[in-house]
Amino acid sequence: MSEMPEIGFEQKGELGIILLNRPKALNALTHEMAIALDQKLQDWATDPSISAVLIKGAGEKAFCAGGDVVKLYQEGKAGGDYPYRFYHDEYVCNARVKHFPKPYIAFIDGIVMGGGVGVSVHGSHRIATEKTLFAMPETGIGLFPDVGGTYFLPRCPGEVGMYLGLTGQRLKAADTIYAGVANAYVESAKLDALEAELSAKAYSDNAHEDVSAIIAQFESDPGPAGLETMKLMIDRHFCASSVKEIISGLDQEDDEWAVRTVKDLKVKSPTSLQLTFRQIREGATKSFDECMKLEWRMVNRVIKGVDFYEGVRALLVDKDQKPKWSPAELDKVTDEDINVYFDPLAAGDLDI
């Protein structure tokens with residue numbers, strides 16, 4: 001019996017359906033999956049028989065828990081070009097989602113992190129459920145919140161994006177909607193019926209409005225967003241002019257949240273924290289494509305560095321949870337060190 005493909009495509013009525021199909025790996029995105037998705041979106045963008053696209057994950061636990069970072073670690077440590085090829089094609093795919101001309105509906109039913117965010121958050125219709133668990137945890141593995149984080153994090157309310165990018169804080173459904181990661185809440189048990197309605201629809205010339213109207217029939221209230229109640233505190237501290245100032249301000253608070261946040265920040269890669277801070281500030285004034293080009297510059301330097309490999313080793317390979325960052329302290333990461341990540345590449349920018 002042949003194995004099911006890691007990513008599947010089918011058409012039901014006028015709806016193109018994408019299935020991320022690695023449930024045992026929490027549907028983590030591979031290089032091959034990113035290439036296949038990008039190609040299919042190119043095909044469907046101009047296919048008159050396709051009016052909308054739906055992407056979902058197989059299994060009960062995850063939409064997509066990220067990229068296959070262990071393989072990136074192994075290949076990068078061996079000196080191969082796989083990490084460059086993976087990130088290049090993943091970022092091109094993220095841009096394809098952002099610029100897709102038809103409704104792009106993501107059922108974010110379960111864990112969505114890293115690479116999974118890149119193939120969902122840029123779509124037009126992003127549906128959270130009671131199973132949704134979002135995070136951009138890259139600073140904990142010596143990376144930065146990529147896959148378009150440079151664009152969407154600064155566009156969260158106030159300083160919420162900076163908070164999420166630096167800390168890797170996990171969000172459930174109501175908070176993802178408040179942050180703008182999702183824009184509708186539907187109970188998980190209703191997704192099959194919603195998919196059936198989407199696939200049965202004879203779409204008008206305004207397919208985006210048609211999709212919104214169908215989703216509205218299934219929506220319910222996700223409850224209060226904890227992030228909203230924390231926003232004043234988040235804004236007060238994460239508006240600071242440096243990571244060091246953020247931590248210093250939090251240290252002066254006699255508050256459980258502030259203490260926990262400082263503790264979270266202090267275990268992250270100092271280089272990643274500084275890089276992410278600059279990334280999010282710069283992204284606030286740039287277009288999506290400009291942000292993706294910045295990320296391509298940044299990730300090229302990360303691949304050549306040390307913290308990414310040390311972070312993945314400590315958290316996902318040896319699992320000792322004790323990364324030895326280099327440098328180990330924020331004060332040892334200079335502005336000059338960070339500037340290099342943003343410099344133009346000799347081979348040129350990402351071609352979107």
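Residues numbered from 1 in each chain as written. Predicted model: local features only at pLDDT ≥ 70, side-chain atom pairs only at ≥ 80, totals over all residues. Heavy atoms only, no water.

> Help me understand the packing of aromatic side chains, please; the structure alone is not making it clear to me.
Here a ring pair, both rings aromatic, is described through the centre-centre distance and the interplanar angle of the planes. For the coordinates displayed, the defined rule picks out ten aromatic pairs. Taking 6.0 Å as the distance between ring centres and 85° as the angle between the ring planes, the aromatic pair formed by Phe 9 and Trp 44 counts as edge-to-face. One end of the pair, Phe 9, is in strand E1 (residues 7-12); the other, Trp 44, is in helix H1 (residues 31-45), with 35 residues separating them in the sequence. For Phe 9, a relative accessible area of 29% gives the class partly exposed. Taking the relative accessible area as the measure of exposure, Trp 44 reaches 5% and is therefore buried. Between the aromatic rings of Tyr 151 and Phe 288, the centroid separation amounts to 5.5 Å while the plane-to-plane angle is 80°, which identifies the pairing as edge-to-face. Of this pair, Tyr 151 sits in helix H5 (residues 149-152) while Phe 288 sits in helix H14 (residues 288-304), and the two are 137 residues apart along the sequence. In this structure, Tyr 151 and Phe 288 share a single accessibility class: buried. Ring-pair connections join several aromatic residues into one group, and the members of that group are Tyr 82, Phe 86, Tyr 87 and Tyr 91. We note Lys 40 situated over the ring of Phe 9; from NZ or CZ to the ring centre the distance is 5.4 Å. Taking NZ or CZ as reference, Arg 278 lies 4.2 Å from the ring centre of Phe 342, over its face. (Phe/Tyr/Trp six-rings, centres within 6.5 Å; stacked < 30°, edge-to-face > 60°. Helix = DSSP H or I, 4+ residues; strand = E, 2+ residues; numbered from the N terminus. Buried < 20%, exposed > 50% of the residue type's maximum accessible area, 1.4 Å probe, protein only. Lys NZ or Arg CZ within 6 Å of the ring centre and 35° of its normal.)

> Help me understand the sheet that holds strand E6 (residues 111-113) in this model?
Working definition: the strands of a sheet are paired by backbone hydrogen bonds and lie parallel or antiparallel to each other. The sheet built from three strands is open, its strands ordered E4-E6-E8 with parallel pairing. Edge strands, defined here as strands with exactly one partner in the open sheet, are strand E4 (62-64) and strand E8 (133-135). Adjacent strand axes in the sheet meet at a mean angle of 15° when their direction is disregarded. As defined by bridge partners, E4 adjoins E6 across two bridges and the pair is classed as parallel. Looking at E6, one finds that Cys 64 is bridged to Val 112. (Pairing = 2+ DSSP bridges. Axes fitted to C-alpha atoms, helices over the stretch in contact; angles between N-to-C directions.)

> Help me out: how do you make sense of the pairing of strand E7 (residues 125-128) in this one?
Every regular strand shows the same layout, with side chains that alternate between the two sheet faces. Here E7 shows two buried faces, one formed by His 125 and Ile 127 and the other by Arg 126 and Ala 128. Where strand E5 (residues 104-108) meets E7, four bridges bridge the pair, whose relative direction is parallel. Residue pairing in the sheet places Ala 106 in a bridge with Arg 126 of E7. Sheet analysis places E7 next to strand E9 (residues 184-185), joined by two bridges and oriented parallel. Residue pairing across strands places Ile 127 opposite Ala 184, the latter belonging to E9.

> Could you clarify how one ought to interpret the packing of H1 against helix H3 (residues 82-98) in this entry?
Packed helices, taken two at a time, are described by the angle their axes make and the gap between the axes. Where H1 contacts H3, the axes come no closer than 9 Å and their chain directions differ by 30°. In terms of axis orientation, H1 runs roughly parallel to H3. Crossing of H1 over H3 shows left-handed handedness. Here His 31, Ala 34, Ile 35, Leu 37, Asp 38, Leu 41 and Gln 42 of H1 come into contact with H3, specifically with Tyr 82, Arg 85, Phe 86, Asp 89, Glu 90, Val 92, Cys 93, Arg 96 and Val 97. Its residues placed into classes, the contact of H1 with H3 shows nine nonpolar, two polar and five charged. (Parallel < 35°, antiparallel > 145°, perpendicular 65-115°, else oblique. Left-handed = near helix turned anticlockwise from the far one by under 90°. Contact = heavy atoms within 4.5 Å. Nonpolar A, V, L, I, M, F, W, Y, C, P; charged D, E, K, R; others polar.)

> For this particular structure, what's the right way to read the packing of helix H8 (residues 191-200) against helix H9 (residues 207-216)?
It is at 10 Å that the axes of H8 and H9 come closest, and there the two elements cross at 150°. In terms of their interaxial angle, H8 and H9 are classed as roughly antiparallel. Between H8 and H9 lies a crossing whose hand is right-handed. Here Leu 194, Glu 197 and Leu 198 of H8 lie close against H9, whose contacting residues are Val 211, Ile 214 and Ile 215. When grouped by side-chain class, the residues that make up the contact of H8 with H9 number five nonpolar, no polar and one charged.

> Hey, could you run me through the confidence of the model for the protein in this one?
Per-residue confidence for the protein gives a mean pLDDT of 97, with 99% of residues at or over 70. By mean pLDDT, helix H2 (residues 69-77) is the weakest element of the protein at 94, and E5 is the strongest at 99. (pLDDT = per-residue confidence, 0-100.)

> Got a minute to help me understand the sheet that holds E7 in this structure?
Sheet architecture is open: six strands sit in the order E1-E2-E3-E5-E7-E9, paired in mixed fashion. Here the strands that pair on one side only, and so sit at the sheet edges, are E1 and E9. Here strand E3 (residues 52-57) pairs with E5 via three bridges, running parallel. Directly across from Ile 55, in E5, lies its bridge partner Ala 106.

> I tried to follow the environment of Phe 342 on my own but got confused; where do I start?
You can see Phe 342 is positioned in helix H16 (residues 335-342). Beyond its immediate chain neighbours, meaning those up to four positions away, Phe 342 contacts Leu 275, Arg 278, Gln 279, Glu 282, Leu 294, Arg 297, Met 298 and Arg 301.

> Would you explain H9 in this entry?
Three or four residues apart is the spacing at which side chains of an α-helix point the same way, because the helix has 3.6 residues per turn. When H9 is considered as a whole, its buried residues turn out to be Ala 207, Asp 210, Val 211, Ile 214 and Ile 215. An end-on view of H9 places all buried positions within 130° of arc, on one side of the element. Of the surrounding elements, those touching the buried residues of H9 are E3, E5, E7, E9 and H8. (Arc of directions from axis to C-beta.)

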